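# Structure at a glance
Residues per chain, in single letters:
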Amino acid sequence: MNLRSIREKSELLTRLSNTELDLFESVSSKVQLADGEILFEEGGVADSFFTIVSGRIGLELTSPGRAPVSIQTLGPGELVGVSWFFDPYRWNWRARALGDTHLVAFDAVAIRQKCEVDRDLALEVLGVVAEEAVRRLHRTRIQLLDLYRSS
Amino acid sequence: MTVANSMVSGPVTEAMLPRPFRVISHRFETPDTVTLELEPDDGADLSFAPGQFTMLYVFGVGEVPISISGDPHRPEILVHTVRSVGAVTAAIAGLGIGDRVGIRGPYGVGWPVGHAEGRDLVVVAGGIGLAPLRPVVYDVIARRDRFGAVSIVYGSRSPIDLMFQEELHSWRSRFDLQIEVTVDRSDESWFGDVGVVTGLLPRIPFDPERAVAMLCGPEIMMKVVANELETRGVAPENVYVSVERNMKCAIRFCGHCQFGSDFLCRDGPVLAYAQVSDRLRVPEL
């Protein structure tokens with residue numbers, strides 16, 4: 001998987017040095033999902049993470065007796081998966097393709113192991129994951145304000 | 001008395017006189033939002049610039065400022081989209097075909113569509129904020145070759161609150177517009193995007209150095225979007241917001257809408273974000 005061709009469009013990959021990019025490329029693979037296919041399930045082992053090349057991924061909440069409800073959607077260039085970096089490495093949501101979607105998958109276990117021995121890499125990856133987590137927190141706070149309600 | 005005479009016949013008084021218009025069409029956009037088409041009794045067109053507003057008077061109830069949501073290339077029909085949130089807007093929503101209202105205007109400074117010519121245009125609307133921006137879209141479509149990439153990003157509370165759905169589908173079917181729609185809360189019927197409008201900005205094509213952005217919606221939304229655009233390289237001078245507060249007379253007479261050094265009814269409602277960003281952070285204003 002040649003990551004350099006999609007580097008500029010990926011929030012994750014633009015942050016990496018060439019050496020780090022080579023490392024990520026060595027543990028990457030293409031993923032192609034048709035509309036409605038599940039990328040990962042809530043509670044599953046978070047042993048991969050992804051960047052979207054094209055299409056959309058919906059993060060869903062499932063509950064008994066009702067259809068899954070999408071709580072957030074992610075588009076091209078965005079990182080899918082934050083839980084892979086934090087113990088206990090379990091997904092908190094279901095991720096499902098909304099239309100045909102192409103992604104690049106990374107072996108989270110391999111990257112975590114590399115981070116154990118390479119603190120510079122760990123710091124860089126932590127920065128990317130934390131930035132994404134903070135961005136989602138900000139967006140969630142705005143959503144919670146219910147800005148568009150009648151007043 | 002001299003004073004009394006000047007009050008009943010002066011320019012201010014004349015500007016306060018409404019023209020009668022008749023409702024010729026009434027359509028619910030959402031459960032609490034209606035679009036009215038109005039025709040003037042006197043037959044004279046009401047030409048306007050995208051972003052301008054009128055004072056809409058329901059006889060015996062009251063008067064409110066409402067942005068024009070129609071096509072500037074069709075001045076013979078005045079179109080308003082109104083959400084029922086108070087006594088006057090509830091009365092407007094309850095109007096029927098043939099009912100009459102009073103109209104003053106149009107007033108205010110509209111969107112700088114001319115400034116956007118030759119540039120990429122980013123339109124971001126939240127909730128009923130799409131109504132004041134719809135004339136921009138009509139105008140751009142009518143003169144599409146004069147603009148670069150044109151994107152419309154629209155956020156709503158939920159799928160049922162999405163306005164102008166037929167037009168959103170129509171605009172989305174064009175190859176020369178990019179339309180992105182998101183809702184804060186989805187339901188089982190919704191297969192589109194979920195999340196705040198800022199989350200959609202990375203998807204739209206624009207050159208930050210030659211882009212003009214027009215934002216309309218809750219002030220918090222506009223601030224968040226303006227900040228995100230600035231992060232992406234769009235200068236605040238090229239970001240425009242619609243600040244709609246406390247307009248009463250619409251002729252810079254009563255002072256209710258004074259916002260720092262500007263009177264929103266005459267100097268706004270559309271203002272450059274660079275001009276008002278500091279003021280938008282002052283709770284007392």
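Residues numbered from 1 in each chain as written. Chains lettered and ligands numbered in written order. Predicted model: local features only at pLDDT ≥ 70, side-chain atom pairs only at ≥ 80, totals over all residues. Heavy atoms only, no water.

### Here's the deal with the overall build of chain B
- A count of helical and extended segments in chain B gives nine helices and 15 strands.
- Here the C-alpha atoms of chain B give a radius of gyration of 19 Å, agreeing with the 19 Å that 2.2 N^0.38 yields for 285 residues.
- Dimensions of chain B, computed from the C-alpha atoms along their principal axes, are close to 65 × 40 × 35 Å.
- Among the 285 residues that make up chain B, the fraction classed as buried is 54%. (Helix = DSSP H or I, 4+ residues; strand = E, 2+ residues; numbered from the N terminus. Rg over C-alpha atoms; globule rule 2.2 N^0.38 Å. Buried < 20%, exposed > 50% of the residue type's maximum accessible area, 1.4 Å probe, protein only.)

### A few points about the overall build of chain A
- Within chain A one finds three helices and eight strands.
- Counted from the first residue to the last, chain A has its helices and strands arranged as α-β-β-β-β-β-β-β-β-α-α.
- For 151 residues, the compact-globule formula gives about 15 Å, and the C-alpha radius of gyration of chain A, at 16 Å, lands near that figure.
- Over its C-alpha atoms, taken along the principal directions, chain A stretches across nearly 50 × 30 × 30 Å.
- For chain A, with 151 residues in total, the buried portion stands at 48%.
- For chain A, restricting intrachain contacts to residue pairs at least 6 apart in sequence, the fraction spanning at least 24 positions comes to 74%.
- For chain A, the accessible surface area stands at approximately 7,600 Å², while carbon and sulfur atoms represent 52% of it.
- Across chain A, the 18 positively charged side chains and the 22 negatively charged ones have centroids separated by 4 Å. (Contact = heavy atoms within 4.5 Å. Areas by Shrake-Rupley, 256 points an atom, 1.4 Å probe, with all protein chains shown as cover. Lys, Arg positive; Asp, Glu negative; His and termini not counted. Charge placed at Lys NZ, Arg CZ, Asp CG, Glu CD.)

### Observations concerning unusual backbone geometry
- Each neighbour pair has its own omega, and for A:Asp87 with A:Pro88 the value is 15°, a cis peptide bond.
- Within the fold, A:Pro88 resides in the loop between strand S6 (79-80) and strand S7 (94-97).
- The amide bond that connects B:Gly105 to the next residue, B:Pro106, takes the cis arrangement and shows omega of 15°.
- Secondary-structure assignment places B:Pro106 in strand S6 (residues 100-107).
- Unusually for a residue other than glycine, A:Tyr89 sits at a positive phi of about 60°.
- Mapped onto the fold, A:Tyr89 is located in the loop between S6 and S7.
- A:Tyr89 gets classed as partly exposed once you look at its relative accessible area, which sits at 27%.
- One non-glycine residue, B:Asn246, lies in positive phi territory at about 55°.

### Regarding the environment of B:Met221
- In this structure, B:Met221 sits in helix H7 (residues 219-231).
- On the basis of relative accessible area, B:Met221 is assigned to the buried category, the value being 3%.
- Taking C-alpha positions, B:Met221 is 11 Å from B:Tyr154, a pair spaced 67 residues apart along the chain.
- Contacts of B:Met221, omitting those with residues within four sequence positions, involve A:Leu147, A:Tyr148, B:Val124, B:Ala125, B:Gly126, B:Val197 and B:Cys216.

### Focus on the interface of chain B and chain A
- Contacts between the two partners involve 26 residues from chain B and, on the opposite side, 24 residues from chain A.
- Carbon and sulfur atoms supply 52% of the area buried between chain B and chain A, which totals about 2,200 Å² over both sides.
- Summed over the shared surface of chain B and chain A, the result is three salt bridges.
- The partner of A:Asp146 in a salt bridge is B:Arg157, with the nearest N and O atoms 2.6 Å apart.
- Where chain B packs against chain A, one counts eight residue pairs in polar contact (both at pLDDT 80 or more). (Buried area = accessible area lost by both parts, 1.4 Å probe. Salt bridge = Lys/Arg side-chain N within 4 Å of Asp/Glu carboxyl O. Polar contact = N/O pair within 3.5 Å; in protein donor to acceptor, adjacent residues only side chain to side chain.)

### Comments concerning the packing of helix H5 (residues 130-142) of chain B against helix H6 (residues 165-172) of chain B
All names here are of chain B.
- Taken N-terminus to C-terminus, the directions of H5 and H6 make an angle of 35°; their axes are 13 Å apart at the nearest point. In the packing of H5 onto H6, the handedness of the crossing is left-handed. Each of Leu130, Arg134, Val137, Tyr138 and Ile141 in H5 lies in contact with H6, whose residues at this interface are Glu167, Leu168 and Trp171. (Axes fitted to C-alpha atoms, helices over the stretch in contact; angles between N-to-C directions. Left-handed = near helix turned anticlockwise from the far one by under 90°.)

### Some details on the sheet that holds strand S11 (residues 211-216) of chain B
All names here are of chain B.
- Taken together, seven strands build an open sheet; the order of strands is S10-S9-S8-S7-S11-S12-S15 and the sheet is mixed. The strands lining the two open edges of the sheet, one partner per strand, are strand S10 (193-194) and strand S15 (270-272).
- With six bridges joining them, strand S7 (residues 120-126) and strand S8 (residues 150-156) adopt parallel strand pairing. When the bridges of S8 are listed, Gly126 appears paired with Gly155.
- Against the sheet, H6 touches S8 and strand S9 (178-183), its axis set at about 140° to S9. (Pairing = 2+ DSSP bridges.)

### Some words on the pairing of strand S3 (residues 48-54) of chain A
All names here are of chain A.
- In terms of burial, S3 is a largely internal element, five of the seven residues being buried.
- Bridging between S3 and strand S8 (residues 101-107) involves six bridges; their strand directions are antiparallel. Within the sheet, the bridge partner assigned to Ser48 lies in S8 and is Asp107.
- Pairing of S3 with S6 involves two bridges; the strand directions are antiparallel.

### Considerations on the domain arrangement of chain B
All names here are of chain B.
- Each domain of chain B was delimited in the assignment, giving domain 1 (14-107) and domain 2 (113-246 + 256-280).
- On a C-alpha basis, the centroid separation for the pair domain 1 and domain 2 is 23 Å.
- For the pair domain 1 and domain 2, the summed buried surface comes to about 1,600 Å²; carbon and sulfur atoms form 64% of the total.
- At the surface where domain 1 touches domain 2, the tally comes to zero salt bridges.
- For the pair domain 1 and domain 2, the number of links is three residue pairs in polar contact (both at pLDDT 80 or more).
- Elements with a minimum of two residues in the side of domain 1 that touches domain 2: strand S1 (19-30), strand S2 (33-40) and strand S5 (78-83).
- A per-element tally of the side of domain 1 that touches domain 2 places S5 first, with four residues.
- Residue composition of the side of domain 1 that touches domain 2, by class: nine nonpolar, nine polar and three charged. (Domains from an automatic or database assignment. Nonpolar A, V, L, I, M, F, W, Y, C, P; charged D, E, K, R; others polar.)

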